[in-house]
Amino acid sequence: MSASDPGAAPVLTVEHLTVRSPTRTILSDVSLEFADKEVTGIIGPSGCGKTTFIRTLNRMIDTSPGLRVEGSVRYRGQDIYGRGVNPVLVRQRIGMVFQRPTVFPMSIYENVAFGLRLLRTEEETVESVVRRSLTRAGLWNEIGSNLDQPALELSGGQQQRLCIARALAIEPKVLLFDEPTSSLDPIAAQKVEELFGELKKDYAVIIVTHNLQQAARVASRTAFLYQGRLIESGPTEALFERPKESLTQQYITGRFG
Amino acid sequence: MALASGVAGPANGADLLTSTGRLRRRLVFDRVIGWALLAAFLVVLFPLFDMLYWVSAKALPTLTWGTLTQNQVGTGGGLYPMIVGTFVLIGIATAISTAIGVVAGFYTSEYAPAPVARVARIAGNLLAGVPAIVLGYFGYFLLVIYTGWGFTALAGGITLGIFMTPYIYRTTDVALTNVPPAQREAALAMGSRRGQYLVRVAFPIAIPTILTGIFFAMALGLGEAAPILYTAGFSSTPITSLMSPTGSLAVAIWQFYDFPSTYGSFLALAFQAAFLSIVIVLVLNVAVQLLSDRYRRRLRGLYQ
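Predicted model only: the values in this text are computed from it and were never measured.

### A word on the overall build of chain A
Right, so step 1: For chain A, the count of helices and strands is 10 helices and 10 strands.
Right, so step 2: Here chain A has a C-alpha radius of gyration of 18 Å; the compact-globule value for 257 residues is 18 Å, and the two agree.
Right, so step 3: Once the C-alpha set of chain A is aligned to its principal axes, its extents read approximately 55 × 45 × 40 Å.
Right, so step 4: Within chain A, the proportion of its 257 residues that are buried is 46%.
Right, so step 5: In chain A, the proportion of contacts linking residues at least 24 apart, taken out of those at least 6 apart, comes to 68%.

In structure tokens form, the structure reads like this:
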């Protein structure tokens, strides 16, 4: 499916992924690969299973009781649903940023240091990592001099970028974004969006969005989900300009969704 | 002027901004309900103020510095041993009930499988519903008779602790369960284990509520005579060790109030003990407000 990037082994490989709730099938037989140092967009109408899908990629799905996962998600060849795999370690390597900013009620500094404290990192290292992470999230110039300020006092857009900095601090290999700008005003959203160009230099970035323009702007590959099925995936340009499936064609031209 | 077909707007020409007809009747009704609610509120407040007035009126005229510093002598003297005893008993009880209640709350809010949590919550509610005197007898048989300790401050403190535990457990459980789920998601997505989430994220958020629960339990425990009556016993001299009996304000009220009025100053001591209990509860209340406000300030913006 990802014949366009020969040689580069995918970071994440999803095979025959099916997720069922007691009453219905939320995702059925999704297979998809994610390459390193690339932004992949997941698009689809509300209720298509985008959020469930991205939550299977770092086992956050475990926190929703009653959902059964079949198939496999391999991170660098290792099935994250395999026997003996610790979801805590999976999530340290595959970070996640949510739809609404979820800063902790602590100082800016402690928010970014949160993951490092879990890993019992030395304070000297923590300081430099906090600085580097805030810089990479485009926040250092804005709030670098107020690190003791409570994070909840920041604006929504700043909070969201703080969440990105927090995720970056523990050096994940993959970053998952679940509608990262949908709760932000246009200017704050743009600032978050501008980060993706930088982030993809170091990480595999996967972003769920219902904003088609956003997918077109930031993603080099795009996958279209509809009613729990993967309808089509490929290079973003091709998917938007020459969709192979008529459902894709209908969705991107705004005939439903 | 009637409104055409019930739709607000000019009927013919003039646009009335004063209410008439049905709308006017509704406004009157609204006001009547407001007065009725105020009346109900006053009815609730009346017993409180009546009690405060009655206790103060009987206690204040005879209240002296000696009441706080002297031992009880015969039918008079002061309440010093009972004040100290009350603080010792509440101290032991708070330590025990906070330790058990908070840990149990941690367990059911995060770790316990749903059916276990459900049973634990029901058990907690049941324990809160057990009459204090029954707990008192439980403590008496277990900690006074069975252990052979006799009446001791320790037995009283433990029994009072059991009495206070369900309140602290319940507030801890609720406070932790009510932490916004997004906080849990974010912590777990950062690679927290559940225990790390509890200690580093949920507990700091829940602290103001947990503190309120602890102080509420202390205030309740302060007023209870039944759990300590047959466990801590009574003494009119200051406590010498945890293994000796001790007086307390609650039991002092219970004991002294029942004497016939010919023993005059006993009754005064009972009212003074009641007055001091009320003052301590009041101070506790103000303290917890100030303390939890300080913690709450940190959380501004979290629940939006």
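### A short note on the overall build of chain B
Right, so step 1: Along its length, chain B carries 11 helices and 2 strands.
Right, so step 2: Reading the secondary structure of chain B in the N-to-C direction produces α-α-β-β-α-α-α-α-α-α-α-α-α.
Right, so step 3: Taking 304 residues into account, the globule formula puts the C-alpha radius of gyration at 19 Å, and chain B, at 27 Å, lies well above it.
Right, so step 4: Here the C-alpha coordinates of chain B stretch approximately 90 × 60 × 35 Å along the principal axes.
Right, so step 5: Counting only residues that meet the buried cut, chain B has 37% of its 304 residues in that class.

### Quick look at the interface of chain B and chain A
Right, so step 1: The interface is formed by 19 residues belonging to chain B together with 20 residues belonging to chain A.
Right, so step 2: Secondary structure elements with two or more residues in the side of chain B that touches chain A: α7 (181-189) and α8 (194-223) of chain B.
Right, so step 3: Among the elements that line the side of chain B that touches chain A, the one with the most residues is α7(B), at 6 residues.
Right, so step 4: By residue class, the composition of the side of chain B that touches chain A is 10 nonpolar, 5 polar and 4 charged.

### Focus on unusual backbone geometry
Residue and element names in this part refer to chain A.
Right, so step 1: One non-glycine residue, R76, lies in positive phi territory at about 50°.
Right, so step 2: Relative to the assigned elements, R76 resides in the loop between β4 (68-75) and β5 (78-79).
Right, so step 3: On the neighbour-count criterion, R76 (13 C-beta atoms within 10 Å) is partly exposed.
Right, so step 4: Of note, E179 is a non-glycine position whose phi angle comes to about 50°, a positive value.
Right, so step 5: Secondary-structure assignment places E179 in the loop between β7 (174-178) and α7 (186-199).

### Focus: the pairing of strand β2 (residues 25-34) of chain A
Residue and element names in this part refer to chain A.
Right, so step 1: The pairing of strand β1 (residues 12-20) with β2 spans 6 bridges and is antiparallel. Each bridged residue has a counterpart across the sheet, and for L12 the counterpart in β2 is F34.
Right, so step 2: With antiparallel pairing between neighbouring strands as the criterion, β1 and β2 make up a hairpin whose turn holds 4 residues.

### Points about the nonpolar core
Right, so step 1: Among the nonpolar cores identified, the biggest contains 144 residues, and I206(A), A252(B) and A273(B) are the most heavily contacted of them.
Right, so step 2: Looking at this core, the element that brings in the most residues is helix α6 (residues 153-177) of chain B, giving 13 residues.

### Regarding helix α4 (residues 123-136) of chain A
Residues and elements named next belong to chain A.
Right, so step 1: Relative to the 20 Å expected for 14 residues at 1.5 Å per residue, α4 spans 20 Å between its end C-alpha atoms, a close match to the ideal helical length.
Right, so step 2: Among all positions in α4, only V129, V130, S133 and L134 are buried. One side of α4 holds all its buried residues, which, seen down the axis, span an arc of 130°. Exposed positions of α4 whose direction lies more than 90 degrees from the buried face are E124, T125 and S128.
Right, so step 3: Against the buried residues of α4 lie α3 (108-118), α5 (140-143) and α6 (156-169).

### Structural notes on the sheet that holds strand β10 (residues 229-235) of chain A
All names here are of chain A.
Right, so step 1: With mixed pairing, the 6 strands of this open sheet are ordered in space as β6-β7-β8-β3-β9-β10. Each edge of the open sheet is held by one strand with a lone partner, namely β6 (94-97) and β10. Adjacent strand axes in the sheet meet at a mean angle of 15° when their direction is disregarded.
Right, so step 2: Pairing of strand β3 (residues 39-43) with strand β9 (residues 221-226) involves 4 bridges; the strand directions are parallel. Bridge pairing in β9 places G41 opposite T222.

### Quick look at the sheet that holds β2(A)
Two orientations exist for strands paired in a sheet by backbone hydrogen bonds: parallel and antiparallel.
Right, so step 1: The strand order across the open sheet formed by 4 strands is β2-β1-β4-β5 (chain A), and the pairing between neighbours is antiparallel. Each of the sheet's edge strands pairs with one partner strand only, and the pair in question is β2 and β5 of chain A.

### Focus: the confidence of the model for chain B
All names here are of chain B.
Right, so step 1: A residue-level look at chain B finds 94% of positions with pLDDT of 70 or above and a mean pLDDT of 91.
Right, so step 2: Confidence scores differ between elements of chain B, with strand β2 (residues 76-77) showing the lowest mean pLDDT of 84 and α6 the highest of 97.
Right, so step 3: For this predicted complex, the interface confidence reaches an ipTM of 0.91, while the overall pTM sits at 0.85.

### Considerations on the environment of R68(A)
Residues and elements named next belong to chain A.
Right, so step 1: Following the sequence through the fold, R68 ends up in strand β4.
Right, so step 2: Spatially, the C-alpha atoms of R68 and P172 are 26 Å apart, while their sequence positions differ by 104 residues.
Right, so step 3: With near-sequence residues (within four places) excluded, R68 lies in contact with V19 and R20.

### Side note on the packing of helix α10 (residues 249-257) of chain B against helix α11 (residues 265-298) of chain B
Residue and element names in this part refer to chain B.
Right, so step 1: At a closest axis distance of 8 Å, the pairing of α10 and α11 adopts a crossing angle of 150°. Considered as vectors, α10 and α11 are oriented roughly antiparallel to each other. In this structure, α10 meets α11 at a crossing whose hand is left-handed. Along the contact surface, α10 presents L249, A250, A252, I253, F256 and Y257, while α11 presents F266, L267, L269, A270, A273, A274, L276 and S277.
Right, so step 2: Broken down by class, the residue content of the contact of α10 with α11 amounts to 13 nonpolar, 1 polar and no charged.

What counts, and where the lines are drawn
- Residues numbered from 1 in each chain as written.
- Chains lettered and ligands numbered in written order.
- Predicted model: local features only at pLDDT ≥ 70, side-chain atom pairs only at ≥ 80, totals over all residues.
- Helix = DSSP H or I, 4+ residues; strand = E, 2+ residues; numbered from the N terminus.
- Rg over C-alpha atoms; globule rule 2.2 N^0.38 Å.
- Buried ≥ 20, exposed ≤ 12 C-beta atoms within 10 Å, placed from the backbone.
- Contact = placed C-beta atoms within 7 Å.
- Nonpolar A, V, L, I, M, F, W, Y, C, P; charged D, E, K, R; others polar.
- Pairing = 2+ DSSP bridges.
- Core = buried A, V, L, I, M, F, W, Y, C linked by C-beta atoms within 7 Å.
- Expected span 1.5 Å × (residues − 1).
- Arc of directions from axis to C-beta.
- Axes fitted to C-alpha atoms, helices over the stretch in contact; angles between N-to-C directions.
- pLDDT = per-residue confidence, 0-100.
- Parallel < 35°, antiparallel > 145°, perpendicular 65-115°, else oblique.
- Left-handed = near helix turned anticlockwise from the far one by under 90°.

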